[in-house]
Amino acid sequence: MKSVKRGCYAKVSIRLLVEVLNMSISRRKFLGWIGAAGAGSAIGNTALAGGNKHFTGYPGSYAVLHDTLLCVGCRLCEAACNKVNELPAPDKPFTDLEVINKKRRTTAKTYTVVNKYESAGKKGPLFSKIQCNHCLEPACASACFVKAFKKTETGAVTYDSTVCVGCRYCMVACPFEIPAYEYDEPLTPRIMKCTMCYSRITKGQLPGCVEACPKEALTFGKRDDLLKISRARIRKYPDKYIDHVYGESEMGGTSWLYLSGVPFSEIGMREDLGVTPAPELTSGALAVVPMVVGLWPVLLTGIYAISKRKEKIAEQELNEAVQHATDEVKEKAEAKLAEALTKANKEKETAIEKAVKKALEEAAKSKAKEDS
Amino acid sequence: MSDKAVTADKTLFTPFNVIAGFIIIIGSVITILRFTGGLAAVTNLSDNNPWGLWIGFDLLVGVALAAGGFVTSSAVYLFGMKKYHSAVRPAILTGFLGYALVVFALHYDVGRPWRLPYPFIIQSGTTSLLFEVGACVALYLTVLFLEFTPAPLEWLGLKKVRALIVKMTLVLTIFGVVLSTLHQSSLGALFLIAPSKLHPLWYSPYLPVYFFVSSIIAGLSMVIFESTLSHHYFAEKMDETHLSENEGVTLGFAKAASFVLAGYFIIKIIGISFSDNWYLLGTSYGIWFLVEILGFVALPSFLYAVGVRDKNLKLIKWTSLLAVLGIILNRLNVSLIAFNWHLPSSERYFPHWMEIAISLFIVTIGIVVFRFIVTRMPIFYEHPDYKDNH
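Residues numbered from 1 in each chain as written. Chains lettered and ligands numbered in written order. Predicted model: local features only at pLDDT ≥ 70, side-chain atom pairs only at ≥ 80, totals over all residues. Heavy atoms only, no water.

Draft legend 1. Just the overall build of chain B, in detail. Tallying secondary structure elements over chain B gives 15 helices and 0 strands in all. Taken against the 2.2 N^0.38 rule, which gives 21 Å for 390 residues, the C-alpha radius of gyration of chain B at 21 Å falls within 12% of a compact globule. Overall, chain B is about 60 × 55 × 45 Å in size when its C-alpha atoms are taken along their principal axes. A total of 390 residues make up chain B; the buried ones form 57% of that total. As displayed, chain B has an accessible area near 15,900 Å², and 72% of this comes from carbon and sulfur atoms. Taking the average place of the 25 positive charges on the side chains of chain B and the average place of its 22 negative ones, the gap between the two points comes to 3 Å. (Helix = DSSP H or I, 4+ residues; strand = E, 2+ residues; numbered from the N terminus. Rg over C-alpha atoms; globule rule 2.2 N^0.38 Å. Buried < 20%, exposed > 50% of the residue type's maximum accessible area, 1.4 Å probe, protein only. Areas by Shrake-Rupley, 256 points an atom, 1.4 Å probe, with all protein chains shown as cover. Lys, Arg positive; Asp, Glu negative; His and termini not counted. Charge placed at Lys NZ, Arg CZ, Asp CG, Glu CD.)

Draft legend 2. Local environment of the overall build of chain A. Counting its regular elements, chain A contains 9 helices and 9 strands. Residues classed as buried in chain A amount to 43% of the 372 residues present. Relative to all contacts within chain A whose residues are 6 or more apart in sequence, the contacts with residues 24 or more apart total 61%. When the accessible area of chain A is evaluated, it comes to approximately 20,400 Å², of which 58% is carbon and sulfur surface. (Contact = heavy atoms within 4.5 Å.)

Draft legend 3. View of a negative patch on the surface. Residues and elements named next belong to chain A. On the surface, Asp327, Glu328, Glu331 and Glu334 cluster together into a patch of negative charge. Within the secondary structure layout, Glu328 lies in helix 9 (residues 278-371). The class of Glu328 is partly exposed, set by a relative accessible area of 39%. (Patch = residues over 30% accessible without salt bridge, like charges linked within 9 Å, V, L, I, M, F, W, Y side chains within 5 Å. Salt bridge = Lys/Arg side-chain N within 4 Å of Asp/Glu carboxyl O.)

Draft legend 4. Seen up close, the pairing of strand 9 (residues 256-259) of chain A. Residues and elements named next belong to chain A. Across the two faces of strand 9 the burial is the same, with Trp256 and Tyr258 and Leu257 and Leu259 all buried. Note that strand 1 (residues 62-67) and strand 9 share 4 bridges and pair parallel. Bridge assignment links Asp67 to a residue of strand 9, and that residue is Leu259. (Pairing = 2+ DSSP bridges.)

Draft legend 5. Seen up close, the pairing of strand 3 (residues 126-130) of chain A. All names here are of chain A. Judged by how many residues are buried, strand 3 sits mostly within the fold: 4 of 5 residues are covered. Taken together, the 5 bridges between strand 2 (residues 113-117) and strand 3 define a ladder with antiparallel strand orientation. What sits directly across from Tyr117, in strand 3, is Leu126.

Draft legend 6. Seen up close, helix 3 (residues 53-65) of chain B. All names here are of chain B. If you check helix 3, its first and last C-alpha atoms are just 16 Å apart, much less than what 13 residues at 1.5 Å a residue would give, namely 18 Å. Most of helix 3 is tucked away, with 11 of its 13 residues classed as buried. For helix 3, every residue scored as buried is listed here: Leu53, Trp54, Ile55, Gly56, Asp58, Leu59, Leu60, Val61, Val63, Ala64 and Leu65. (Expected span 1.5 Å × (residues − 1).)

Draft legend 7. Molecular detail of the interface of chain A and chain B. The interface of chain A with chain B comprises 57 residues on the first partner and 60 residues on the second. Across the interface of chain A and chain B, roughly 4,900 Å² is buried in total on both sides, 62% from carbon and sulfur atoms. For the pair chain A and chain B, the interface holds 2 salt bridges. Our enumeration of links across chain A and chain B arrives at 35 residue pairs in polar contact (both at pLDDT 80 or more). Of all the secondary-structure elements, those providing two or more residues to the side of chain A that touches chain B are helix 4 (139-143), helix 5 (169-173), strand 6 (180-181) and helix 9 of chain A. For the side of chain A that touches chain B, the element with the highest residue contribution is helix 9 of chain A, accounting for 16 residues. Looking at the side of chain A that touches chain B residue by residue, the classes come out as 38 nonpolar, 10 polar and 9 charged. (Buried area = accessible area lost by both parts, 1.4 Å probe. Polar contact = N/O pair within 3.5 Å; in protein donor to acceptor, adjacent residues only side chain to side chain. Nonpolar A, V, L, I, M, F, W, Y, C, P; charged D, E, K, R; others polar.)

Draft legend 8. A look at helix 4 (residues 68-78) of chain B. Residues and elements named next belong to chain B. Burial analysis of helix 4 places 10 of its 11 residues in the buried class, the great majority of the element. The complete set of buried residues in helix 4 reads Gly68, Gly69, Phe70, Val71, Thr72, Ser73, Ser74, Ala75, Val76 and Leu78. Positive phi appears at Gly80, one or two residues downstream of helix 4, with a value of about 70°.

Draft legend 9. Representation of the packing of aromatic side chains. All names here are of chain A. Here the structure, examined in full by the defined rule, presents 27 aromatic pairs over all chains. Summarising the aromatic geometry, the rings of Tyr246 and Tyr258 are spaced 5.9 Å apart at their centres and angled 85° between planes, so their arrangement reads as edge-to-face. Taken together, the positions of Tyr246 in the loop between helix 8 (223-236) and strand 9 and Tyr258 in strand 9 put the pair 12 residues apart, joining distant regions of the chain. By relative accessible area, which is 2% here, Tyr246 ends up buried. (Phe/Tyr/Trp six-rings, centres within 6.5 Å; stacked < 30°, edge-to-face > 60°.)

Draft legend 10. Structural detail: the layout of surface pockets. Put simply, the largest pocket is a space of about 1,500 Å³. Lining the largest pocket are 48 residues, and of these A:Lys103, A:Arg104, A:Arg105, A:Thr107 and A:Val113 sit closest to its centre. Secondary structure elements with two or more residues in the lining of the largest pocket: helix 3 (76-84) and strand 2 of chain A. Residue contributions to the lining of the largest pocket peak at 3 residues, all from strand 2 of chain A. Residue composition of the lining of the largest pocket, by class: 23 nonpolar, 10 polar and 15 charged. Counted as a void, the second largest pocket has a volume near 980 Å³. What lines the second largest pocket is a set of 37 residues, among which B:Thr94, B:Met222, B:Val363, B:Gly366 and B:Ile367 lie closest to the centre. Secondary-structure elements contributing two or more residues to the lining of the second largest pocket are helix 1 (15-37), helix 3, helix 5 (88-109), helix 11 (207-233), helix 14 (313-337) and helix 15 (353-374) of chain B. (1 Å grid on protein atoms, 1.4 Å probe; cavity = no way out; pocket = protein on both sides within 12 Å on 5 of 7 lines; lining within 4 Å. Points joined across faces, edges and corners; volume = space filled by probe spheres on them.)

So, in structure tokens, the structure goes:
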């Protein structure tokens, strides 16, 4: 029954998508509407995946498309973000457009900022909004040792400050340099970053920034839909757009997609991040751990046994050598003794013989004397 | 640094005590600032530079330099090099204090230090290399504590407990080597997740291997270096065996260090070839990289070898300092100097003086505790009641 429903939605959605591509209704409204239809209703997701293990996001998860060509740098998204997330008031009001002249990044007080860029090939300034890109396989979530970050099925990457230790490894890991930290909080600092307005989108509302954008530079919807829309725009205006959807595969793909008319590096986005999802960068090192745990004790006990045996053999050999040496000495001594004994005996015998002979001779002599 | 102050009839105001006391007072004041004003009050850390000196030096260097414990105990108890036995206790003590101070230092750096056990009792992020580091450091600290306990137990005269611990020596040693292999390498593997931030000459898939192998160098060199200092300051505490074995320990460890440094040099070169980074050697970072591997890896390897051949103890001792500095340089390169190399200089990190002061404070605490222990417990000598009883 569910699949029937899903198929039905898909059909309706496809027709509506065609309309969207024809720009007949507000893209934003439409996508908000299909977003509210629930997580099972994605287009194309029923035929998701092939045989590979590449994770392309939760089926039907949401994303936001930022068409930088449409952005005028009005900062209304920044103001809306500040409001819906109840962040502290900024130093300068959001209506102050001078702020935008200086390159900024996200901070503990601002989840999103719009930066201005000049490009040699284009007349007039270019604008690009930055915030958490909600990676499909987030570096922050992979790096966190208390699992404070979670890639939810909505597509949003959420953060749970009730378990966070404040080690800031997520900030080291994030390739987009997004998470910020409350450095001035002595005992309860949190990581601060865009949540894709998780609490709003689960209620069927649009993220604050998307809702506020007057130029439709931001579009909320299913990631798969947005990818199709992106490609359609590039196809329709090949001269206006660079033929690349930033975020489709960067760091394994993100739930925030970007279109641009100039190379992305010219609007402050790194093009050297590669397509490897962050967890893959450390999976090899982690895989070695159980091997070390399993093999090291065996190896080390072996080394211990060998050194012990060596010691034993050395001792044995030493004992044998000592034994041998003592035996030899003993033998020699005995031989010497025996020799000396025989010699002494011989001497004794000869002495006795001599003495006997002498006595006999003397006896014979005295007898002769008496006789004479 | 004179240990004459230990005798009660002398004044407390020896140069060592005055300097140490001064550093400890400053450190205590900064401690208050840290826990009332947050990291912003005492550090130059920023959103782009979340890790500074307290991770680069206190954690990475601290753990590497505390490797003497596992290196020495495995040499003596597993590889059967009994003639180095007198080096075990000082090395275990240094290791134990080193790790204890690393954990102590982390309390300053992390946001909510009382949550440090959370990864083990609340929710485990087992995909994180930091989880592995945390688990191994916590376990290894326990192992080192147990390995160290015979000394205080002899001091306290608890013979039965001591006998029990001594029986566990082999198991503890093996466990210690397993844990050290894991967390020494994992400290390097921490940076595997950030190829876009660490300069390619330092970023390598071999980072965990480099960190592990260089920790052996650090361990061997620290034993030599520390014994040099101890002989200078605590000679009167040493017994005949310790004094007579010392030359052998120095020569033996220097020989080992020379070989390991040579091997480390070779795998570093292999790393450049593997990543095909030769073209980067001509850049300014390349020259800095060459300074590290020629001046602080190849050179100490050579000098150790010459020192061993000529039995030149003085040369070996100075070389051990060079090798230790090399390890410090390497860890700071990976975590601070070559990290975030892509950022403009205005966004780069340089430690605040109070960060340096806290690092000094922690090292000072280590030295004070070390001195307290070696002047009281049987570290450099065998307890008369337990001679030939190990």
